[in-house]
Structure formats: C-alpha cells, structure tokens
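Residue-level structure breakdown
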Amino acid sequence: YRDGHDVEKDEGKEMYHLELAAIGGHPEARYNLGCHEWNNDNIERAVKHWIIAAAQGHDGSIKALMYEFRRGFVSKDDLAAALRAHQAAVDATKSPQREAA
C-alpha cells in the first residue's frame, strides 16, 4: 500500500498493516512505524517504536536512536538500555548450529 504496487496507494491501510505486524513482533514494521512518526515530527513516539525494535534485534533502530541521542531526544540511560536489550536479542539468536553453518 505504501508504493502502490498492484494496489492503490493507501496510507491508512499501510499504517494498519504496519501496526498489525508490529504488534505481532515484526521488528522491521516497528522500525517503519518509528520512521513514519519521525517524518511527522512525533519524535517521542518514534523513539518509543525504535526502542522496541532495538530490543527485538533491529540494527537500524539502534542507528536511529544514536542519531536522536546526539540531537538530545534520547537520554543516555535509555540508549544504554536499548543497546543492552539489542545485544541480548542478537545473542539469543546465536547457537552452535548457526555458527557452524
């Protein structure tokens, strides 16, 4: 719905499906919701979405949080917590089988 490929562009439907995916635990959808909020100057809401996505292991969210930290919209404690949660999510996906593959 965002780009209008094979369907009519519809931002409302795009947001609806992004929200469903984010609620379902899809980190890229959560990150995209943050980007949408950021584009609409809702920085606090964007940061909340990015913190959740970072805790799910999304790398782009960490970059976005670092950017907003430098701009003063993310506290040092919030950034540190997001980095710890991100690392925990990444570590949780590691296994000897994956390392061998």
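In this text the structure is predicted, and so the values were computed from the model without any measurement. (Residues numbered from 1 in each chain as written. Predicted model: local features only at pLDDT ≥ 70, side-chain atom pairs only at ≥ 80, totals over all residues. Heavy atoms only, no water.)

**Considerations on the overall build of the chain**
Across its full length, the chain carries six helices and zero strands. Reported as C-alpha extents along the three principal axes, the dimensions of the chain are approximately 45 × 40 × 20 Å. Within the chain, the fraction of its 101 residues that count as buried is 29%. Contacts in the chain between residues far apart in sequence, at least 24 positions, make up 36% of those at least 6 positions apart. Counting only carbon and sulfur atoms, one obtains 51% of the accessible surface of the chain, whose full area is about 6900 Å². Averaging the coordinates of the 13 positive side-chain charges in the chain and doing the same for the 17 negative ones gives two points 6 Å apart. (Helix = DSSP H or I, 4+ residues; strand = E, 2+ residues; numbered from the N terminus. Buried < 20%, exposed > 50% of the residue type's maximum accessible area, 1.4 Å probe, protein only. Contact = heavy atoms within 4.5 Å. Areas by Shrake-Rupley, 256 points an atom, 1.4 Å probe, with all protein chains shown as cover. Lys, Arg positive; Asp, Glu negative; His and termini not counted. Charge placed at Lys NZ, Arg CZ, Asp CG, Glu CD.)

**Thoughts on the nonpolar core**
In this structure, Tyr-31, Val-47, Trp-50, Ala-54, Leu-65 and Val-74 are the most contacted members of the largest nonpolar core, which totals 13 residues. When contributions to this core are tallied by element, the ones reaching two or more residues are helix H3 (43-55), helix H4 (59-71) and helix H5 (76-92). Sort the elements by how many residues they give to this core and H3 lands first, with six residues. Those residues in contact with Ala-54 that sit more than four places away from it in its chain are Ser-61, Ile-62, Leu-65, Ala-82, Ala-85 and His-86. The next biggest cluster of nonpolar side chains, apart from the first, holds five residues, and it includes Met-15, Leu-18, Ala-22 and Leu-33. (Core = buried A, V, L, I, M, F, W, Y, C linked by side-chain atoms within 4.5 Å.)

**Notes on the pattern of salt bridges**
For the coordinates displayed, the defined rule picks out three salt bridges. Arg-71 serves as the salt-bridge partner of Glu-68, at 3.1 Å between the closest nitrogen and oxygen. Note that Glu-68 and Arg-71 are positioned in helix H4 at a spacing of three residues, about one turn of the helix. The partner of Lys-94 in a salt bridge is Asp-91, with the nearest N and O atoms 3.9 Å apart. Judged by relative accessible area, Lys-94 falls into the partly exposed class, the value being 49%. (Salt bridge = Lys/Arg side-chain N within 4 Å of Asp/Glu carboxyl O.)

**Here's the deal with the side chain of His-49**
With respect to the helices and strands, the residue His-49 is situated in helix H3. Contact partners of His-49, with chain neighbours within four places excluded, come to Arg-30, Leu-33, Gly-34 and Glu-37.

**Some thoughts on the environment of Ala-55**
By the element assignment, Ala-55 lies in helix H3. Using a relative accessible area of 37% as the deciding quantity, one classes Ala-55 as partly exposed. Separated by 24 residues in the primary sequence, Ala-55 and Leu-79 place their C-alpha atoms 11 Å from one another. Setting aside chain neighbours within four positions, we find Ala-55 in contact with Ala-85, His-86 and Ala-89.

**Notes on H4**
Helix length check: H4, at 13 residues, gives a terminal C-alpha distance of 19 Å against a target of 18 Å (1.5 Å per residue), a fit within 8%. Taken together, the buried positions of H4 are Ser-61, Ile-62, Ala-64, Leu-65 and Glu-68. Projected down its long axis, H4 shows its buried positions confined to an angular sector of 165 degrees, all on one face. Turned more than 90 degrees from where H4 packs its buried face, Lys-63 and Arg-70 sit exposed. Check the buried side of H4 and you find it contacts helix H2 (27-39), H3 and H5. (Expected span 1.5 Å × (residues − 1). Arc of directions from axis to C-beta.)

No statement about biological role is implied by the geometric values presented.
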